[in-house]
Amino acid sequence: MFELSAYTNYLGNAAYFLVFFFGLILGSFLNSIVWRLWDNIALFSRSRSMCVNCRQKLSWKENIPLLSWLVLKGRCAHCNKDISAYYPLVELGVAIFLTLVAYHYFPISNFSEWNLLRDFVFISFLVIIFVQDLRYQVILSNVVWIGAIFGLVVNISFLHYDFNSLALGALIGGGFFGAQYLLSNGRWIGGGDVRMGVMMGVWLGWQNIIVAIFLAYIVGAIFAIFLLLTKKADRKTAIPFGTFLAFSTVIAMYWGQSLIHWYLGLLR
Ligand SMILES: [Zn+2]
């Protein structure tokens, strides 16, 4: 007899491999976006990838996600300069993350391809913000606004989220960071964080954005204490808050409701 379950298992495992490889390629693409946005190079120009140091164009062999970096032992074949470990780490990170997201949505119960597509796009935007704020201390406003509009349209039109919840979320996120920005004249927090608060609001809705903000402060504080204790930073070192916001947004996307239930259970 035909074993349907064995067949779907087989299909499932193959799908995870595909998603993983797709993740490596997407990670490589996101690396190039982070760098091109930062260096003001046209995003979708035909120019091939190049070494960030000597600008030598890379052959296809030097441009395979993860593998090329390992084979080249983290050095450019032309100028011999170190290639940052950020690149393979981002590729591997995106691949692992997308595989987890696919695992989250399979088996296909209550599944919408819009959910999956939206999450892949959200994660792509968050990776760009995470890496860009960490490496260059900047959150580009175009990235955030495009992300916010995409999220708003998909959440409302295809996933039928409650508009009021998203609007309230944007108000909470934008208001909370906006107030700090105004009170401190932009010293505590940057304008990029305020815009990001709005984006997080329309992505997450009003409940989960509160979770995300709490979480970002907790993780940021732990990170800051760690840096102070290990003397890697002093009190004046700028903390890349967008990096923590990106991280906490992902957690709130998947575990926001569980965290709320857990927290409310503690109060009882
Ligand atoms: Zn080079």
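The rules behind these values
- Counting restarts for each chain, with residues numbered from 1 along the sequence as it is written.
- Side-chain atom pairs in this predicted model are given and counted only at pLDDT of 80 or more, local residue features only at pLDDT of at least 70, and totals for whole chains, interfaces and linings cover all residues.
- Interaxial angle, 0 to 180 degrees, is taken between N-to-C directions of lines fitted to C-alpha atoms, where a helix line uses only the stretch in contact.
- Where helices and strands are cited, they refer to DSSP runs of H or I of at least four residues and of E of at least two residues respectively, numbered from the N terminus.
- We call two directions roughly parallel when the angle between them is under 35 degrees, roughly antiparallel when it is over 145, roughly perpendicular when it lies between 65 and 115, and oblique otherwise.
- By convention, the crossing between two helices is left-handed when the near helix turns anticlockwise from the far helix through less than a right angle, and right-handed when the turn is clockwise.
- Here contacts are defined at the residue level, using C-beta atoms placed from the backbone and a cut-off of 7 Å between them.
- Buried, partly exposed and exposed are defined by the number of other C-beta atoms within 10 Å of a residue's own C-beta, namely 20 or more, between the two limits, and 12 or fewer respectively, with C-beta atoms placed from the backbone.
- Per the annotation, domain bounds derive from an automatic or database assignment of domains.
- Here the term charged refers only to Asp, Glu, Lys and Arg, the term nonpolar to Ala, Val, Leu, Ile, Met, Phe, Trp, Tyr, Cys and Pro, and the term polar to all other amino acids, Gly among them.

Some words on the packing of helix H3 (residues 86-105) against helix H4 (residues 113-136)
- At a minimum axis distance of 11 Å, the contact between H3 and H4 shows a crossing angle of 155°. As far as their axial angle goes, H4 and H3 are roughly antiparallel. Relative to H4, H3 is oriented so that their crossing is right-handed. Residues Tyr86, Val90, Val94, Phe97, Leu98, Val101 and Tyr105 of H3 touch H4, and the partners they reach there are Asn115, Leu116, Asp119, Phe120, Ile123, Val127, Val131 and Arg135.

Description of unusual backbone geometry
- We note that lysine 73 has phi near 55°; this positive angle belongs to a residue other than glycine.
- Of note, lysine 73 is situated in the loop between helix H2 (67-71) and H3.
- The exposed category is assigned to lysine 73, around which 8 C-beta atoms lie within 10 Å.
- Here the phi dihedral of lysine 231 falls at roughly 60°; this positive angle occurs in a residue that is not glycine.
- Examined against the element boundaries, lysine 231 turns out to sit in the loop between helix H7 (191-229) and helix H8 (241-267).

Concerning the domain arrangement of the chain
- On domain assignment, one finds that the chain holds domain 1 (1-111) and domain 2 (113-268).
- Contact residues are listed per partner, giving 15 residues for domain 1 and 14 residues for domain 2.
- Put simply, the parts of the chain that give the side of domain 1 that touches domain 2 at least two residues each are helix H1 (4-39) and H3.
- Here the side of domain 1 that touches domain 2 takes eight residues from H3, the largest share from any one element.
- For the side of domain 1 that touches domain 2, the per-class residue count stands at 14 nonpolar, one polar and no charged.

So, the environment of glycine 147
- Locating glycine 147 in the fold gives a position in helix H5 (residues 141-158).
- Assessed through the 23 C-beta atoms surrounding it within 10 Å, glycine 147 is described here as buried.
- Along the sequence, glycine 147 and leucine 126 sit 21 residues apart, while their C-alpha atoms lie 9.1 Å from each other.
- Among residues more than four places away in sequence, those in contact with glycine 147 are Phe125 and Met199.

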